[in-house]
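# Secondary and tertiary structure notes
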Amino acid sequence: MGKVTGFLEYERLEEGYAPVEQRLKHYKEFVIGLKEEEAKVQSARCMDCGTPFCNSGCPVNNIIPDFNDLVYRGGWANAILVLHSTNNFPEFTGRICPAPCEAACTLNVNDDAVGIKSIEHAIIDRAWAEGWVQAQPARHKTGKTVAVVGSGPAGMAAAQQLARAGHAVTLFEKNDRIGGLLRYGIPDFKMEKTHIDRRVEQMKAEGVTFRTGVLVGHLPEGSKVTNWAKEIVSPEQLKAEFDAVVLTGGAEQSRDLPVPGRDLDGVHFAMEFLPQQNKINAGDKLKGQLRADGKHVIVIGGGDTGSDCVGTSNRHGAKSVTQFELMPMPPEQENKELTWPYWPYKLRTSSSHDEGCEREFAIATKEFIGDKGKVTALKTVRVEWQGGKMVEVPGSEQVLKADLVLLAMGFVSPVSTVLDAFGVDKDNRGNAKATTDFTGGYQTNVAKVFAAGDIRRGQSLVVWAIREGRQAARAVDEFLMGYSDLPR
(Lines give C-alpha, C1' and ligand atoms only; values in the text may rest on other atoms or scores of the structure.)
Protein backbone atom coordinates (compact mmCIF):
# COMPACT_ATOMS: atom_id res chain seq x y z
CA MET A 1 0.00 0.00 0.00
CA GLY A 2 1.18 3.56 -0.54
CA LYS A 3 4.65 3.72 -2.06
CA VAL A 4 6.44 0.38 -2.01
CA THR A 5 9.67 1.90 -0.70
CA GLY A 6 8.05 4.80 1.18
CA PHE A 7 8.77 3.42 4.63
CA LEU A 8 12.48 3.40 3.73
CA GLU A 9 12.50 6.89 2.27
CA TYR A 10 10.33 8.97 4.60
CA GLU A 11 10.34 9.65 8.33
CA ARG A 12 7.30 9.87 10.55
CA LEU A 13 5.91 13.41 10.64
CA GLU A 14 4.03 14.50 13.74
CA GLU A 15 1.21 17.03 13.75
CA GLY A 16 2.33 20.40 15.08
CA TYR A 17 1.20 22.42 18.09
CA ALA A 18 0.75 26.14 18.49
CA PRO A 19 3.30 27.62 20.95
CA VAL A 20 2.46 27.13 24.63
CA GLU A 21 2.33 30.85 25.39
CA GLN A 22 -0.30 31.32 22.67
CA ARG A 23 -2.55 28.35 23.38
CA LEU A 24 -2.75 28.99 27.12
CA LYS A 25 -4.69 32.17 26.33
CA HIS A 26 -7.71 30.35 24.92
CA TYR A 27 -9.69 27.09 24.93
CA LYS A 28 -9.66 26.43 21.19
CA GLU A 29 -7.91 23.55 19.45
CA PHE A 30 -4.21 24.17 18.83
CA VAL A 31 -3.12 21.10 16.86
CA ILE A 32 -1.74 21.94 13.42
CA GLY A 33 -2.89 19.18 11.09
CA LEU A 34 -0.98 17.76 8.15
CA LYS A 35 -1.15 19.60 4.85
CA GLU A 36 -2.23 17.67 1.76
CA GLU A 37 1.33 16.91 0.59
CA GLU A 38 2.43 16.01 4.13
CA ALA A 39 -0.45 13.56 4.47
CA LYS A 40 0.47 12.04 1.11
CA VAL A 41 4.07 11.52 2.20
CA GLN A 42 2.97 10.03 5.53
CA SER A 43 0.57 7.69 3.70
CA ALA A 44 3.45 6.62 1.44
CA ARG A 45 5.10 5.07 4.52
CA CYS A 46 2.30 2.47 4.80
CA MET A 47 3.93 -0.86 4.01
CA ASP A 48 2.62 -3.66 1.83
CA CYS A 49 2.98 -5.75 4.97
CA GLY A 50 0.62 -8.60 4.03
CA THR A 51 -1.02 -8.79 7.45
CA PRO A 52 -2.07 -5.29 8.52
CA PHE A 53 -2.13 -5.57 12.31
CA CYS A 54 -3.33 -1.96 12.42
CA ASN A 55 -6.79 -3.15 11.32
CA SER A 56 -7.19 -5.41 14.33
CA GLY A 57 -5.44 -2.93 16.62
CA CYS A 58 -8.21 -0.45 15.81
CA PRO A 59 -11.39 -1.23 17.80
CA VAL A 60 -13.64 -0.18 14.89
CA ASN A 61 -11.42 -2.11 12.46
CA ASN A 62 -10.72 0.87 10.21
CA ILE A 63 -9.49 -0.29 6.80
CA ILE A 64 -6.28 1.62 7.27
CA PRO A 65 -4.07 0.43 4.39
CA ASP A 66 -6.84 1.22 1.92
CA PHE A 67 -7.41 4.81 2.98
CA ASN A 68 -3.66 5.35 3.26
CA ASP A 69 -3.25 4.19 -0.32
CA LEU A 70 -6.09 6.44 -1.50
CA VAL A 71 -4.57 9.49 0.19
CA TYR A 72 -1.18 8.71 -1.36
CA ARG A 73 -2.79 8.51 -4.80
CA GLY A 74 -4.94 11.63 -4.32
CA GLY A 75 -8.25 9.79 -3.93
CA TRP A 76 -9.46 11.81 -0.96
CA ALA A 77 -13.17 11.57 -1.77
CA ASN A 78 -12.94 7.79 -1.80
CA ALA A 79 -10.77 7.81 1.32
CA ILE A 80 -13.59 9.30 3.37
CA LEU A 81 -15.97 6.63 2.06
CA VAL A 82 -13.59 3.93 3.27
CA LEU A 83 -13.15 5.68 6.62
CA HIS A 84 -16.89 6.19 7.14
CA SER A 85 -17.59 2.55 6.32
CA THR A 86 -16.24 1.59 9.74
CA ASN A 87 -16.30 4.81 11.78
CA ASN A 88 -19.25 7.19 12.07
CA PHE A 89 -17.23 9.99 13.67
CA PRO A 90 -13.59 10.08 12.56
CA GLU A 91 -13.36 13.75 13.58
CA PHE A 92 -13.73 12.55 17.19
CA THR A 93 -11.22 9.72 17.01
CA GLY A 94 -8.84 11.71 14.80
CA ARG A 95 -8.52 14.18 17.67
CA ILE A 96 -8.78 12.25 20.94
CA CYS A 97 -8.13 8.57 20.24
CA PRO A 98 -4.77 7.35 21.65
CA ALA A 99 -4.28 5.44 18.38
CA PRO A 100 -3.88 1.75 19.30
CA CYS A 101 -3.68 1.22 15.53
CA GLU A 102 -0.28 2.90 15.52
CA ALA A 103 0.97 0.70 18.35
CA ALA A 104 -0.01 -2.29 16.16
CA CYS A 105 1.54 -0.90 12.96
CA THR A 106 3.98 -3.40 11.42
CA LEU A 107 6.50 -0.62 10.88
CA ASN A 108 6.42 -0.03 14.64
CA VAL A 109 8.32 -3.28 15.21
CA ASN A 110 11.66 -1.57 14.64
CA ASP A 111 10.85 1.95 13.43
CA ASP A 112 8.37 4.77 14.01
CA ALA A 113 4.78 3.83 13.19
CA VAL A 114 2.87 5.34 10.28
CA GLY A 115 1.02 8.48 11.49
CA ILE A 116 -2.40 6.86 11.01
CA LYS A 117 -4.27 9.16 13.39
CA SER A 118 -2.95 12.30 11.66
CA ILE A 119 -4.01 10.90 8.27
CA GLU A 120 -7.49 10.12 9.58
CA HIS A 121 -7.67 13.66 10.97
CA ALA A 122 -6.67 15.09 7.58
CA ILE A 123 -9.21 12.98 5.68
CA ILE A 124 -12.25 13.95 7.74
CA ASP A 125 -11.33 17.63 8.01
CA ARG A 126 -10.98 17.83 4.24
CA ALA A 127 -14.24 15.90 3.77
CA TRP A 128 -16.13 18.48 5.82
CA ALA A 129 -14.40 21.35 4.00
CA GLU A 130 -15.24 19.88 0.59
CA GLY A 131 -18.87 19.12 1.48
CA TRP A 132 -18.44 15.36 1.14
CA VAL A 133 -20.14 14.63 4.46
CA GLN A 134 -23.85 14.51 3.75
CA ALA A 135 -26.92 13.16 5.50
CA GLN A 136 -27.89 9.61 4.55
CA PRO A 137 -31.60 9.30 5.30
CA ALA A 138 -33.19 5.89 4.92
CA ARG A 139 -35.07 5.28 1.67
CA HIS A 140 -37.78 3.31 3.43
CA LYS A 141 -39.15 3.56 6.96
CA THR A 142 -39.71 0.38 8.95
CA GLY A 143 -42.37 1.70 11.31
CA LYS A 144 -40.31 0.53 14.28
CA THR A 145 -39.34 2.86 17.13
CA VAL A 146 -36.14 2.84 19.18
CA ALA A 147 -35.14 4.82 22.26
CA VAL A 148 -31.42 5.38 22.80
CA VAL A 149 -30.54 6.54 26.33
CA GLY A 150 -27.26 8.44 26.56
CA SER A 151 -25.85 10.67 23.82
CA GLY A 152 -22.13 9.99 24.07
CA PRO A 153 -20.28 8.39 21.14
CA ALA A 154 -21.92 4.98 21.70
CA GLY A 155 -25.41 6.49 21.72
CA MET A 156 -24.73 8.74 18.75
CA ALA A 157 -23.31 5.85 16.71
CA ALA A 158 -26.20 3.54 17.59
CA ALA A 159 -28.80 6.22 16.85
CA GLN A 160 -27.26 7.12 13.48
CA GLN A 161 -26.99 3.52 12.33
CA LEU A 162 -30.54 2.68 13.38
CA ALA A 163 -31.94 5.78 11.69
CA ARG A 164 -30.16 4.86 8.48
CA ALA A 165 -31.78 1.42 8.73
CA GLY A 166 -35.17 3.14 8.63
CA HIS A 167 -36.20 3.07 12.28
CA ALA A 168 -37.67 6.07 14.13
CA VAL A 169 -34.98 6.85 16.71
CA THR A 170 -35.23 9.13 19.73
CA LEU A 171 -31.98 9.93 21.54
CA PHE A 172 -32.35 10.91 25.21
CA GLU A 173 -29.74 12.95 27.11
CA LYS A 174 -29.99 14.12 30.73
CA ASN A 175 -27.85 17.20 30.13
CA ASP A 176 -28.72 20.23 28.05
CA ARG A 177 -26.63 19.38 25.00
CA ILE A 178 -25.81 16.25 23.02
CA GLY A 179 -22.42 14.56 23.32
CA GLY A 180 -22.04 12.93 26.74
CA LEU A 181 -18.45 13.14 27.99
CA LEU A 182 -17.41 14.40 24.57
CA ARG A 183 -19.44 17.50 25.37
CA TYR A 184 -19.02 17.74 29.12
CA GLY A 185 -15.67 16.22 30.00
CA ILE A 186 -13.31 16.52 27.04
CA PRO A 187 -11.84 20.04 27.09
CA ASP A 188 -12.52 22.25 24.10
CA PHE A 189 -8.79 22.65 23.48
CA LYS A 190 -8.70 18.93 22.67
CA MET A 191 -11.93 18.86 20.68
CA GLU A 192 -14.12 21.86 19.94
CA LYS A 193 -17.83 21.15 20.24
CA THR A 194 -18.67 22.36 16.75
CA HIS A 195 -17.65 18.87 15.61
CA ILE A 196 -20.48 17.39 17.69
CA ASP A 197 -22.92 20.07 16.53
CA ARG A 198 -22.30 19.26 12.86
CA ARG A 199 -23.02 15.59 13.46
CA VAL A 200 -26.19 16.44 15.37
CA GLU A 201 -27.44 18.43 12.38
CA GLN A 202 -26.57 15.56 10.06
CA MET A 203 -28.42 13.10 12.29
CA LYS A 204 -31.46 15.36 12.49
CA ALA A 205 -31.56 15.33 8.68
CA GLU A 206 -31.41 11.54 8.85
CA GLY A 207 -34.48 11.45 11.09
CA VAL A 208 -33.08 11.20 14.62
CA THR A 209 -35.12 13.01 17.27
CA PHE A 210 -33.10 14.53 20.14
CA ARG A 211 -34.52 15.03 23.61
CA THR A 212 -32.12 16.83 25.92
CA GLY A 213 -32.58 17.66 29.59
CA VAL A 214 -34.38 14.35 30.13
CA LEU A 215 -33.22 11.96 32.84
CA VAL A 216 -34.31 8.36 32.39
CA GLY A 217 -34.69 6.75 35.81
CA HIS A 218 -33.08 8.53 38.74
CA LEU A 219 -29.71 9.32 40.30
CA PRO A 220 -28.80 8.55 43.91
CA GLU A 221 -29.32 11.30 46.46
CA GLY A 222 -26.24 13.50 46.66
CA SER A 223 -24.79 12.14 43.41
CA LYS A 224 -21.92 14.16 41.93
CA VAL A 225 -22.67 12.95 38.39
CA THR A 226 -23.28 15.84 35.99
CA ASN A 227 -27.03 16.28 35.63
CA TRP A 228 -28.83 19.28 34.20
CA ALA A 229 -32.10 17.45 33.52
CA LYS A 230 -35.39 19.32 33.72
CA GLU A 231 -37.60 16.32 33.05
CA ILE A 232 -37.71 12.72 34.25
CA VAL A 233 -38.94 9.76 32.20
CA SER A 234 -39.41 6.34 33.71
CA PRO A 235 -38.05 3.13 32.18
CA GLU A 236 -41.62 1.83 32.10
CA GLN A 237 -42.61 4.72 29.82
CA LEU A 238 -39.82 3.94 27.39
CA LYS A 239 -40.54 0.23 27.31
CA ALA A 240 -44.23 0.97 26.68
CA GLU A 241 -43.66 3.58 23.96
CA PHE A 242 -40.75 2.05 22.01
CA ASP A 243 -40.12 -1.27 20.28
CA ALA A 244 -36.55 -1.37 21.62
CA VAL A 245 -34.45 0.53 24.14
CA VAL A 246 -30.66 0.89 23.96
CA LEU A 247 -28.80 1.96 27.10
CA THR A 248 -25.62 3.81 26.10
CA GLY A 249 -24.83 5.91 29.14
CA GLY A 250 -21.33 6.30 30.46
CA ALA A 251 -19.46 4.79 33.39
CA GLU A 252 -20.02 8.04 35.26
CA GLN A 253 -19.42 6.95 38.85
CA SER A 254 -16.04 8.48 39.69
CA ARG A 255 -13.55 6.59 41.84
CA ASP A 256 -13.32 8.28 45.24
CA LEU A 257 -10.44 8.63 47.69
CA PRO A 258 -11.86 7.97 51.19
CA VAL A 259 -9.05 9.33 53.37
CA PRO A 260 -9.31 11.74 56.32
CA GLY A 261 -10.29 15.24 55.23
CA ARG A 262 -12.13 14.12 52.08
CA ASP A 263 -15.10 16.35 52.96
CA LEU A 264 -13.02 19.56 53.01
CA ASP A 265 -14.00 22.34 50.66
CA GLY A 266 -11.65 22.36 47.68
CA VAL A 267 -11.51 18.59 47.15
CA HIS A 268 -13.53 17.70 44.07
CA PHE A 269 -13.97 15.07 41.41
CA ALA A 270 -12.49 15.96 38.02
CA MET A 271 -16.00 15.60 36.59
CA GLU A 272 -17.21 18.41 38.80
CA PHE A 273 -14.43 20.64 37.48
CA LEU A 274 -14.21 19.90 33.74
CA PRO A 275 -17.92 20.09 32.72
CA GLN A 276 -18.23 23.54 34.25
CA GLN A 277 -15.55 24.90 31.95
CA ASN A 278 -17.28 23.28 28.96
CA LYS A 279 -20.49 25.11 29.85
CA ILE A 280 -18.69 28.43 30.29
CA ASN A 281 -17.06 27.96 26.87
CA ALA A 282 -20.50 27.31 25.39
CA GLY A 283 -21.62 30.74 26.59
CA ASP A 284 -23.53 29.64 29.69
CA LYS A 285 -23.30 31.48 32.99
CA LEU A 286 -22.60 29.50 36.15
CA LYS A 287 -22.64 30.55 39.76
CA GLY A 288 -19.78 29.28 41.88
CA GLN A 289 -17.63 27.84 39.12
CA LEU A 290 -14.64 25.87 40.37
CA ARG A 291 -11.57 27.88 39.43
CA ALA A 292 -7.84 27.26 39.69
CA ASP A 293 -6.81 30.94 39.41
CA GLY A 294 -3.80 31.65 41.62
CA LYS A 295 -4.12 28.31 43.39
CA HIS A 296 -1.76 25.45 44.07
CA VAL A 297 -3.55 22.60 42.28
CA ILE A 298 -2.91 18.91 42.85
CA VAL A 299 -4.42 16.45 40.42
CA ILE A 300 -4.63 12.89 41.75
CA GLY A 301 -4.62 10.43 38.87
CA GLY A 302 -2.14 10.10 36.02
CA GLY A 303 -4.45 9.32 33.10
CA ASP A 304 -6.11 11.38 30.38
CA THR A 305 -8.71 12.89 32.71
CA GLY A 306 -5.94 14.08 35.01
CA SER A 307 -4.11 15.54 32.02
CA ASP A 308 -7.28 17.40 31.05
CA CYS A 309 -7.44 18.87 34.55
CA VAL A 310 -3.83 20.00 34.17
CA GLY A 311 -4.50 21.80 30.89
CA THR A 312 -7.65 23.46 32.19
CA SER A 313 -5.95 24.57 35.43
CA ASN A 314 -3.12 26.14 33.46
CA ARG A 315 -5.62 28.07 31.36
CA HIS A 316 -7.28 29.31 34.54
CA GLY A 317 -3.94 30.69 35.69
CA ALA A 318 -3.02 28.26 38.47
CA LYS A 319 -0.01 29.19 40.59
CA SER A 320 1.27 25.63 40.35
CA VAL A 321 -0.02 22.28 39.05
CA THR A 322 1.18 18.91 40.33
CA GLN A 323 -0.10 15.54 39.10
CA PHE A 324 0.09 12.38 41.24
CA GLU A 325 0.36 8.84 39.92
CA LEU A 326 0.22 5.85 42.26
CA MET A 327 2.25 3.60 39.95
CA PRO A 328 6.03 3.90 39.35
CA MET A 329 7.27 6.05 36.48
CA PRO A 330 7.07 3.97 33.26
CA PRO A 331 10.07 3.58 30.95
CA GLU A 332 10.42 6.24 28.27
CA GLN A 333 10.60 3.55 25.56
CA GLU A 334 8.58 0.33 25.56
CA ASN A 335 10.06 -3.11 25.04
CA LYS A 336 8.66 -3.71 21.57
CA GLU A 337 9.76 -7.34 21.51
CA LEU A 338 7.45 -8.01 24.43
CA THR A 339 4.51 -5.72 23.69
CA TRP A 340 4.05 -5.32 19.93
CA PRO A 341 1.35 -5.31 18.50
CA TYR A 342 -0.40 -4.59 21.79
CA TRP A 343 -0.75 -1.29 23.63
CA PRO A 344 2.66 -0.60 25.17
CA TYR A 345 3.52 0.35 28.72
CA LYS A 346 5.64 3.48 28.51
CA LEU A 347 5.80 7.07 29.72
CA ARG A 348 3.32 9.31 27.93
CA THR A 349 3.64 13.07 28.03
CA SER A 350 0.62 15.03 26.88
CA SER A 351 0.43 18.54 25.45
CA SER A 352 -1.04 19.63 28.80
CA HIS A 353 2.04 18.37 30.63
CA ASP A 354 4.19 20.43 28.28
CA GLU A 355 2.24 23.53 29.28
CA GLY A 356 3.44 23.31 32.86
CA CYS A 357 3.11 20.50 35.38
CA GLU A 358 5.14 18.70 38.02
CA ARG A 359 4.59 14.93 37.82
CA GLU A 360 5.01 12.75 40.88
CA PHE A 361 5.08 8.96 40.51
CA ALA A 362 4.76 6.19 43.12
CA ILE A 363 3.04 8.54 45.56
CA ALA A 364 -0.10 8.04 47.64
CA THR A 365 -2.29 10.51 49.52
CA LYS A 366 -2.83 9.68 53.19
CA GLU A 367 -4.78 12.72 54.34
CA PHE A 368 -6.27 16.03 53.23
CA ILE A 369 -5.33 18.80 55.64
CA GLY A 370 -7.51 21.87 56.09
CA ASP A 371 -8.10 25.12 57.88
CA LYS A 372 -11.57 26.51 58.63
CA GLY A 373 -13.15 23.80 56.48
CA LYS A 374 -10.99 24.40 53.39
CA VAL A 375 -8.19 22.21 52.08
CA THR A 376 -4.73 23.69 52.50
CA ALA A 377 -2.39 20.73 52.05
CA LEU A 378 -2.00 17.00 51.45
CA LYS A 379 -0.07 14.48 53.50
CA THR A 380 1.59 12.01 51.14
CA VAL A 381 3.84 8.97 51.29
CA ARG A 382 6.09 7.32 48.74
CA VAL A 383 5.18 3.75 47.81
CA GLU A 384 6.84 0.72 46.28
CA TRP A 385 5.30 -2.30 44.63
CA GLN A 386 6.44 -5.64 45.99
CA GLY A 387 4.89 -8.85 44.75
CA GLY A 388 1.99 -6.91 43.27
CA LYS A 389 1.22 -5.19 46.55
CA MET A 390 1.71 -1.54 47.46
CA VAL A 391 4.08 -0.93 50.36
CA GLU A 392 4.72 2.45 51.97
CA VAL A 393 8.33 3.63 52.09
CA PRO A 394 9.25 4.32 55.74
CA GLY A 395 10.16 7.91 56.49
CA SER A 396 8.90 9.23 53.14
CA GLU A 397 5.88 11.16 54.39
CA GLN A 398 5.65 14.81 53.39
CA VAL A 399 3.11 17.63 53.34
CA LEU A 400 2.42 19.49 50.09
CA LYS A 401 0.50 22.75 49.81
CA ALA A 402 -2.81 22.52 47.96
CA ASP A 403 -5.69 24.97 47.50
CA LEU A 404 -7.58 22.80 45.01
CA VAL A 405 -7.47 19.01 44.73
CA LEU A 406 -8.98 17.26 41.74
CA LEU A 407 -9.67 13.52 41.91
CA ALA A 408 -9.07 12.03 38.46
CA MET A 409 -8.62 8.36 39.27
CA GLY A 410 -10.98 6.96 36.69
CA PHE A 411 -14.54 5.68 36.85
CA VAL A 412 -15.72 2.57 38.64
CA SER A 413 -19.08 1.86 37.02
CA PRO A 414 -22.30 3.26 35.57
CA VAL A 415 -24.77 4.80 37.98
CA SER A 416 -26.37 1.75 39.57
CA THR A 417 -29.78 3.31 40.14
CA VAL A 418 -30.37 3.70 36.39
CA LEU A 419 -29.68 0.02 35.72
CA ASP A 420 -31.71 -0.98 38.77
CA ALA A 421 -34.65 1.07 37.52
CA PHE A 422 -34.68 -0.97 34.32
CA GLY A 423 -34.15 -4.21 36.22
CA VAL A 424 -30.99 -4.94 34.23
CA ASP A 425 -28.61 -7.55 35.65
CA LYS A 426 -25.09 -6.33 36.42
CA ASP A 427 -21.73 -8.05 36.20
CA ASN A 428 -19.28 -8.19 39.10
CA ARG A 429 -17.99 -4.71 38.20
CA GLY A 430 -21.43 -3.12 38.29
CA ASN A 431 -21.80 -2.82 34.51
CA ALA A 432 -24.86 -3.83 32.53
CA LYS A 433 -24.60 -7.55 31.81
CA ALA A 434 -24.80 -8.28 28.08
CA THR A 435 -22.66 -10.28 25.69
CA THR A 436 -21.25 -9.28 22.31
CA ASP A 437 -22.25 -12.55 20.61
CA PHE A 438 -23.22 -12.45 16.94
CA THR A 439 -26.66 -13.80 17.84
CA GLY A 440 -28.50 -11.94 20.58
CA GLY A 441 -25.56 -9.66 21.26
CA TYR A 442 -25.94 -6.60 23.50
CA GLN A 443 -29.29 -7.82 24.84
CA THR A 444 -29.79 -7.57 28.58
CA ASN A 445 -31.96 -9.84 30.70
CA VAL A 446 -34.84 -7.39 30.25
CA ALA A 447 -36.96 -7.92 27.15
CA LYS A 448 -36.14 -5.54 24.27
CA VAL A 449 -33.56 -3.64 26.37
CA PHE A 450 -29.98 -3.53 25.02
CA ALA A 451 -26.77 -2.05 26.45
CA ALA A 452 -23.60 -0.83 24.73
CA GLY A 453 -20.56 1.34 25.38
CA ASP A 454 -19.17 2.19 28.79
CA ILE A 455 -22.40 1.23 30.53
CA ARG A 456 -21.73 -2.34 29.37
CA ARG A 457 -17.92 -2.63 29.19
CA GLY A 458 -16.85 -0.08 31.80
CA GLN A 459 -14.63 2.98 31.37
CA SER A 460 -13.01 2.82 27.95
CA LEU A 461 -12.07 4.75 24.82
CA VAL A 462 -14.26 6.78 22.47
CA VAL A 463 -13.35 4.41 19.66
CA TRP A 464 -14.61 1.42 21.67
CA ALA A 465 -17.86 3.29 22.33
CA ILE A 466 -18.35 3.87 18.60
CA ARG A 467 -17.67 0.20 17.90
CA GLU A 468 -20.19 -0.97 20.49
CA GLY A 469 -22.80 1.54 19.36
CA ARG A 470 -22.50 0.30 15.77
CA GLN A 471 -22.63 -3.36 16.78
CA ALA A 472 -25.56 -2.83 19.12
CA ALA A 473 -27.43 -1.06 16.30
CA ARG A 474 -27.07 -4.14 14.12
CA ALA A 475 -28.25 -6.36 16.98
CA VAL A 476 -31.32 -4.17 17.52
CA ASP A 477 -32.05 -4.11 13.78
CA GLU A 478 -31.93 -7.93 13.68
CA PHE A 479 -34.17 -8.09 16.76
CA LEU A 480 -36.77 -5.81 15.15
CA MET A 481 -36.64 -7.07 11.57
CA GLY A 482 -35.28 -10.60 11.76
CA TYR A 483 -32.23 -9.64 9.67
CA SER A 484 -29.92 -6.67 9.18
CA ASP A 485 -27.90 -5.11 6.41
CA LEU A 486 -26.03 -2.90 8.86
CA PRO A 487 -22.29 -3.62 9.14
CA ARG A 488 -21.09 -5.21 12.34
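Above this text sits the structure in question.
First, a word on scope: everything that follows refers to the structure included in this document. (Residues numbered from 1 in each chain as written. Predicted model: local features only at pLDDT ≥ 70, side-chain atom pairs only at ≥ 80, totals over all residues. Heavy atoms only, no water.)

## Observations regarding the packing of aromatic side chains
Here the structure, examined in full by the defined rule, presents seven aromatic pairs. Between the aromatic rings of phenylalanine 30 and phenylalanine 189, the centroid separation amounts to 6.4 Å while the plane-to-plane angle is 25°, which identifies the pairing as stacked. Of this pair, phenylalanine 30 sits in the loop between helix 2 (20–23) and strand 2 (31–32) while phenylalanine 189 sits in the loop between strand 4 (168–173) and helix 11 (194–205), and the two are 159 residues apart along the sequence. The two residues phenylalanine 30 and phenylalanine 189 agree in class, both being buried. Aromatic side chains phenylalanine 53 and tryptophan 340 sit 4.8 Å apart centroid to centroid with 65° between the ring planes, which places their arrangement in the edge-to-face category. One end of the pair, phenylalanine 53, is in helix 4 (residues 53–57); the other, tryptophan 340, is in the loop between helix 15 (336–339) and helix 16 (351–354), with 287 residues separating them in the sequence. Overall, phenylalanine 53 belongs to the partly exposed group, its relative accessible area being 30%. One aromatic cluster in this structure is built from Tyr17, Phe30 and Phe189. (Phe/Tyr/Trp six-rings, centres within 6.5 Å; stacked < 30°, edge-to-face > 60°. Helix = DSSP H or I, 4+ residues; strand = E, 2+ residues; numbered from the N terminus. Buried < 20%, exposed > 50% of the residue type's maximum accessible area, 1.4 Å probe, protein only.)

## Overview of the sheet that holds strand 12 (residues 320–325)
If you trace the five strands from one edge of the open sheet to the other, you get 10-18-11-12-13, paired in parallel fashion. The sheet is open, and its two edges are formed by strand 10 (267–269) and strand 13 (358–361), each paired on a single side. Recorded for the sheet is a direction-independent mean angle of 20° between the axes of neighbouring strands. The strands that helix 14 (residues 304–316) touches are strand 11 (296–300), strand 12 and strand 18 (404–407); relative to strand 12, the one it contacts most, it runs at about 175°. (Pairing = 2+ DSSP bridges. Axes fitted to C-alpha atoms, helices over the stretch in contact; angles between N-to-C directions. Contact = heavy atoms within 4.5 Å.)

## A few points about the nonpolar core
By size, the foremost hydrophobic cluster in this structure holds 64 residues, and its most contacted members are Phe67, Phe92, Ile123, Val146, Met156, Leu182 and Val476. Counting residues per element, this core draws most heavily on helix 19 (residues 462–481), at eight residues. (Core = buried A, V, L, I, M, F, W, Y, C linked by side-chain atoms within 4.5 Å.)

## Comments concerning the layout of surface pockets
In this model, the second largest pocket occupies a volume close to 340 Å³. Lining the second largest pocket are 19 residues, with Gln161, Arg164, Ala165, Leu486 and Pro487 positioned closest to its centre. Elements with a contribution of two residues or more to the lining of the second largest pocket: helix 10 (153–164) and helix 19. (1 Å grid on protein atoms, 1.4 Å probe; cavity = no way out; pocket = protein on both sides within 12 Å on 5 of 7 lines; lining within 4 Å. Points joined across faces, edges and corners; volume = space filled by probe spheres on them.)

## Thoughts on the pairing of strand 3 (residues 145–149)
Of all five residues making up strand 3, four are buried, and the element is well covered by its neighbours. Across five bridges, the pairing between strand 3 and strand 4 is parallel. The partner of valine 149 across the bridge, within strand 4, is phenylalanine 172. In this fold, the crossover linking strand 3 to strand 4 by way of helix 10 has right-handed handedness. Bridge count between strand 3 and strand 8 (residues 244–247): four bridges; the pairing is parallel. Directly across from valine 149, in strand 8, lies its bridge partner leucine 247. (Right-handed = clockwise from strand over helix to strand, strands pointing away.)

## Overview of the pattern of salt bridges
Summed over all chains, the structure comprises 34 salt bridges. In this structure, glutamate 14 and arginine 12 form a salt bridge, with 2.7 Å as the shortest nitrogen-oxygen distance. Classification of arginine 12 as partly exposed rests on a relative accessible area of 24%. Here aspartate 125 ties to arginine 95 by a salt bridge, and the two come within 3.2 Å at their closest N and O atoms. Here the residue aspartate 125 occupies a position in helix 9 (residues 116–130), and arginine 95 occupies one in helix 7 (residues 90–96), the gap between them amounting to 30 residues. Owing to a relative accessible area of 28%, aspartate 125 belongs among the partly exposed residues under this scheme. Overall, the relative accessible area of 13% leaves arginine 95 in the buried class. Each of Asp176, Arg177, Lys279 and Asp284 takes part in salt bridges that share partners, so that together they form one network. (Salt bridge = Lys/Arg side-chain N within 4 Å of Asp/Glu carboxyl O.)

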